[in-house]
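Chain by chain, the residues run as shown.
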Amino acid sequence: MRLDKWYLDAVFPDGTVWFGYRARLGLWRCPAIPWASGCEVLPNGSMRTVSRLGWKEWSEPRLENGQWVWKSPDGFHARWEPSGRGVDAALASDDRLRVRWNCLAPKATVTRINGGQSGRAGGSAVSRGVGYVEHLRIDAEGPGLPFRELAWGRAHTAESSLVWIRWGRGRELSLLLENGTRVSGSNATFSKEGARVRTAHGEWETGNGRPFCDRDVRRSFPRWLVWLARGMAPARETKMAGPVRLRTASGIFTGSGIWEEVTWV
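Reference entry: report on the structure contained in this document. The shown structure was predicted, so the numbers you read here are calculated from the model rather than taken from an experiment. (Residues numbered from 1 in each chain as written. Predicted model: local features only at pLDDT ≥ 70, side-chain atom pairs only at ≥ 80, totals over all residues. Heavy atoms only, no water.)

### Describing the overall build of the protein
Along the backbone of the protein there are one helix and 20 strands. By the compact-globule yardstick of 18 Å for 265 residues, the protein fits well, its C-alpha radius of gyration being 18 Å. Judged by the C-alpha coordinates and their principal axes, the protein covers about 55 × 45 × 35 Å. Relative to its 265 residues, the protein shows a buried fraction of 51%. Once local pairs closer than 6 in sequence are excluded, the contacts in the protein between residues at least 24 apart make up 58%. (Helix = DSSP H or I, 4+ residues; strand = E, 2+ residues; numbered from the N terminus. Rg over C-alpha atoms; globule rule 2.2 N^0.38 Å. Buried < 20%, exposed > 50% of the residue type's maximum accessible area, 1.4 Å probe, protein only. Contact = heavy atoms within 4.5 Å.)

### Description of the nonpolar core
Of all hydrophobic cores here, the largest spans 45 residues; its most connected members are W101 and W167. If we skip the residues at most four places from it in the chain, W101 touches V87, D88, A89, L91, Y132, E134, H135, L136, V163, I165, L175 and L177. Judged by nonpolar contacts, the second largest core, of 15 residues, contains L8, A10, L104 and A108. (Core = buried A, V, L, I, M, F, W, Y, C linked by side-chain atoms within 4.5 Å.)

### What to know about unusual backbone geometry
Located in the positive-phi region is R169, a residue other than glycine, with phi close to 55°. Within the secondary structure, R169 is located in the loop between strand 12 (161–168) and strand 13 (173–178). Look at R169 and you get partly exposed, because its relative accessible area is 45%. Unusually for a residue other than glycine, N179 sits at a positive phi of about 50°. Tracing the backbone shows N179 in the loop between strand 13 and strand 14 (181–183). What makes N179 partly exposed here is its relative accessible area of 34%.

### Some thoughts on the pairing of strand 11 (residues 149–157)
Taking burial as the measure, the nine residues of strand 11 include nine buried ones, the bulk of the element. Alternating residues of strand 11 divide into E149, A151, G153, A155 and T157 and L150, W152, R154 and H156, and every residue in both groups is buried. Summarising the sheet, strand 11 and strand 12 pair through eight bridges and their orientation is antiparallel. Bridging from a neighbouring strand, H156 pairs with S161 of strand 12. Where strand 11 folds back on strand 12, the antiparallel hairpin that results is connected by three residues. Note that strand 11 and strand 20 (residues 251–263) share nine bridges and pair antiparallel. The residue of strand 20 that forms the bridge with G153 is W259. (Pairing = 2+ DSSP bridges.)

If you want it as structure tokens, here you go:
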């Protein structure tokens, strides 16, 4: 199994949240299956999701003058300008599993190219926010992954950024990326409720998040694809967005975050 996946997101001052994926899935000797989606969640909780699954490739994000540019299937068209450095890391590299994680923009300034129009009546008129960009490549032997639980999230304040990844139930991994650098953390807790972690820089804590995605991912794709990718599609994905607080020696800084918990049967 081979998976090449891009993930991008954005949070705007009015509370609008957007996230999108562009992926290619290769299964045994089958041709690679391309897929892309975009989802916008408005402050009132209403959601619009558009997905494209088929044999036609959707264009991947491209780098222009130091900014990542992408237009998703739901019409969201924006630029992500990284606010600092990222990291390219091998999360696993053995005969059974190879994972390359390229966090291209742990924190970015997001500017809508379409002037804030999302293609939906009542959509956000705010054209600038903060966001995140990553590119993930997985090569795995067999039909599934060697871990059955994943916690991921990113938090932004005006001063700093934090990204966390945790694998569980099978293969263990715990990674923290603070301001583009891998760091260690103590008293760390990661779940669908968010994150609480202390680093040398300060204490991070997410507030009460609002769920905007809680689904059985297997029901989002055709049965034939779920059968082919058996063991790959998660049984549950819970995504949250909410406030973030960072307490340092210089003071208390607030911002926003997006995080998720994914489980497999």
